[in-house]
Amino acid sequence: MIFQNLVDAQGMAAAVISVEKTKDGHYGDIRVVCANDMYKQIMGAGYHDGIIYSELVPKEPNFEDFCYRCAVLKQHIHAYVDTKAMGVWTDGTYIPLSPSLDKDNLCHFLFFFEFTTGPESEKLSKVSVETAPMVIQTCINLRGSENFYESMNTVISDIQKNTQSFCSCIIMIDKEKRKYAPLCSKFSTDEITIEDFFPYLSDDVVFSWEEMLKNHDDVIIKDEFDLMELEKINPVWAKSLRAAKVRNVILVPLSQGKKMFGVLFVTNFNEEKIVDLKEFVELTAFFLSSEIANNELMEKLEFLSNVDTLTGVKNRNSMNARIDWHINGNSLVRSPFGIIFTDLNGLKQCNDTGGHAAGDKLLKEAAAMLRKHFDDYEIYRSGGDEFVVIIPNCKKEDFDKKVTNLRSETGYGKPVCFAIGAEWGGDSNDIRRCMRVADEAMYADKTEFYRQHPEIVKR
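Calculation notes
- Residues numbered from 1 in each chain as written.
- Predicted model: local features only at pLDDT ≥ 70, side-chain atom pairs only at ≥ 80, totals over all residues.
- Heavy atoms only, no water.
- Pairing = 2+ DSSP bridges.
- Helix = DSSP H or I, 4+ residues; strand = E, 2+ residues; numbered from the N terminus.
- Salt bridge = Lys/Arg side-chain N within 4 Å of Asp/Glu carboxyl O.
- Buried < 20%, exposed > 50% of the residue type's maximum accessible area, 1.4 Å probe, protein only.
- Axes fitted to C-alpha atoms, helices over the stretch in contact; angles between N-to-C directions.
- Phe/Tyr/Trp six-rings, centres within 6.5 Å; stacked < 30°, edge-to-face > 60°.
- 1 Å grid on protein atoms, 1.4 Å probe; cavity = no way out; pocket = protein on both sides within 12 Å on 5 of 7 lines; lining within 4 Å.
- Points joined across faces, edges and corners; volume = space filled by probe spheres on them.
- Nonpolar A, V, L, I, M, F, W, Y, C, P; charged D, E, K, R; others polar.
- Disulfide = S-S within 2.5 Å.

**Some words on the sheet that holds strand β3 (residues 51-52)**
One open sheet holds the six strands; their spatial order is β3-β2-β1-β6-β5-β4, and the pairing between them is antiparallel. Of all the strands in the sheet, the pair left with one neighbour each is β3 and β4 (77-83). Sheet topology places β4 next to strand β5 (residues 88-96); seven bridges connect them, and they run antiparallel. For V81, the partnering residue across the bridge sits in β5 and is T90.

Next up, the structure:
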């Protein structure tokens with residue numbers, strides 16, 4: 001009777017909810033013990049005391065986590081979330097009840113809520129004392145630079161710092177064109193970049209996210225238990241997370257209206273602060289969505305997916321597509337053509353002595369050198385310190401002269417020092433052979449360079 005009196009005294013839809021505490025430290029059934037008339041009217045004729053909550057509304061892992069934290073761990077929680085499965089926003093408050101009211105393995109809390117048809121600024125602004133300064137700083141940084149990409153890099157660095165995460169990243173996604181590309185990322189160590197994790201961001205993984213987020217405001221994997229649950233519904237992503245040594249992750253959609261155009265995710269964060277971090281990341285994603293949409297990033301996805309963002313030249317994906325187009329006859333490299341492979345000498349030594357920033361600077365200088373000599377042609381960053389240049393419609397003597405000029409400016413002791421391999425082909429069917437020969441010649445040149453200069457550390 002005490003529970004019924006408690007919910008009847010509330011001025012909005014309210015219920016007392018029980019959470020079954022299991023021996024392994026997780027939870028079992030979550031039931032609505034009793035509710036007031038307003039709650040019953042919202043839930044409809046199917047309601048009855050003691051009903052499992054998921055018989056009334058769609059099952060929601062984040063809601064279940066909040067129930068457990070409130071009922072079992074006795075945490076007071078407030079959340080204003082996009083309840084996509086019901087097409088509303090839910091302003092919910094979770095209040096733990098005294099342990100003396102718990103029985104056996106059942107723990108209880110008071111839940112009351114109200115729905116809004118869309119996000120309301122007044123409710124969005126009611127964030128916790130811990131979250132508010134972080135969100136305010138993020139909003140300031142969003143507007144703090146005239147350069148959009150600088151703003152994004154600053155914000156993603158803030159997110160990584162505030163979540164104490166290993167990685168924070170924004171990935172743009174165009175489902176219709178089956179393309180995706182990182183917009184910005186920040187790791188807890190400068191020795192790692194998002195490119196190191198490309199093998200784990202396969203098409204199957206990235207394009208599975210939208211389906212998972214369709215009826216949820218986010219996806220949160222907190223621990224091994226959640227990861228095992230993920231394996232049941234998305235084994236491909238679960239396998240990828242394990243391979244990348246990700247122990248926890250928050251994945252939040254970036255969207256305009258009902259269309260998702262990207263995601264914000266953080267990995268290996270401080271799970272002890274999960275409630276505050278969830279609020280911070282979701283609210284930050286809300287503002288990021290608006291800012292990115294305003295800058296028409298979707299129109300630039302083609303650019304992002306084909307250009308190396310550090311050096312500004314085209315990336316390996318673009319190079320592979322270019323060769324495929326040539327071989328398939330869709331867009332031929334006009335013959336005769338020349339292929340140049342280059343590899344930076346001494347990059348590891350530069351990174352070791354000057355840090356990651358010095359290595360990035362050297363890579364940018366290398367790209368600038370190639371633009372100086374081949375700006376009218378196709379330049380690709382094919383790997384960490386490797387670049388490829390394709391020169392179409394070029395006579396052999398002109399090609400040889402271009403290679404000689406490049407060698408003269410990038411030899412030992414120069415600011416940019418390249419190992420170079422080159423091959424010329426007069427037949428359009430020759431491109432793979434030319435690339436193989438140029439690649440082998442480049443590595444032979446690199447081997448000879450380090451033989452002559454053993455004082456320089458190899459990569």
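**Points about the pattern of salt bridges**
Per the stated rule, a full pass over the model turns up 26 salt bridges. The partner of R242 in a salt bridge is E231, with the nearest N and O atoms 2.9 Å apart. In this pair, R242 sits in helix α10 (residues 235-243) while E231 sits in helix α9 (residues 224-233), placing the two residues eleven residues apart along the sequence. Residue class for R242 comes out partly exposed when judged on its relative accessible area of 33%. Judged by its relative accessible area of 35%, E231 is partly exposed. Here R407 makes a salt bridge to D445, at a shortest N to O gap of 3.6 Å. Linking R407 in helix α16 (residues 396-409) with D445 in helix α17 (residues 431-452), this pair joins segments that are 38 residues apart in sequence. Classification of R407 as partly exposed rests on a relative accessible area of 38%. Where salt bridges share partners, they join D65, R69, K222 and D226 into one cluster.

**Some details on the sheet that holds strand β8 (residues 179-187)**
Strands sit in the order β8-β7-β11-β10-β9 across an open sheet of five strands; the sheet is antiparallel. Both edges of this open sheet fall to β8 and β9 (219-221), since each of them pairs with a single strand only. For this sheet the average axis-to-axis angle between neighbouring strands, irrespective of direction, equals 15 degrees. In this structure, strand β7 (residues 167-174) lies alongside β8, joined through eight bridges in antiparallel fashion. The residue of β8 that forms the bridge with D174 is K179.

**As for the packing of aromatic side chains**
This model, assessed by the stated rule, comprises 25 aromatic pairs. A centroid spacing of 5.4 Å and a plane angle of 80 degrees characterise the contact between F166 and F187, whose relative ring orientation is edge-to-face. Residue F166 is found in the loop between α6 (148-163) and β7, and its partner F187 is found in strand β8; the two are separated by 21 residues along the sequence. Judged by its relative accessible area of 5%, F187 is buried. Consider the rings of F166 and F197, whose centres lie 6.0 Å apart with planes at 70 degrees: the pair is edge-to-face. Taken together, the positions of F166 in the loop between α6 and β7 and F197 in the loop between β8 and α7 (203-206) put the pair 31 residues apart, joining distant regions of the chain.

**Points about empty space enclosed by the protein**
The full count for this structure, using the stated rule, is two cavities of 30 Å³ or more. Around the largest cavity sit 30 residues that line it, and V57, E60, F63, T83 and T90 are the ones nearest its centre. Of all the secondary structure elements, the ones that give two or more residues to the lining of the largest cavity are α2 (37-43), α3 (61-71), β4, β5 and β6 (106-116). With four residues, the top contributor of residues to the lining of the largest cavity is β4. Looking at the lining of the largest cavity, its residues break down into 18 nonpolar, six polar and six charged.

**Re the pairing of strand β13 (residues 337-344)**
Among the eight residues in β13, eight count as buried, and that is most of the element. Where β13 meets strand β16 (residues 418-425), eight bridges bridge the pair, whose relative direction is antiparallel. Bridge assignment links F337 to a residue of β16, and that residue is G425. With six bridges joining them, β13 and strand β15 (residues 386-391) adopt antiparallel strand pairing. Bridging from a neighbouring strand, F341 pairs with V388 of β15.

**Side note on the state of the cysteines**
Taken as a whole and assessed by the stated rule, the structure comprises zero disulfides. The cysteine C70 is free of any disulfide, with C67 supplying the nearest cysteine sulfur at 7.8 Å. Using a relative accessible area of 0% as the deciding quantity, one classes C70 as buried. The thiol of C184 is not disulfide-bonded; the next cysteine sulfur, from C169, is found 6.8 Å away.

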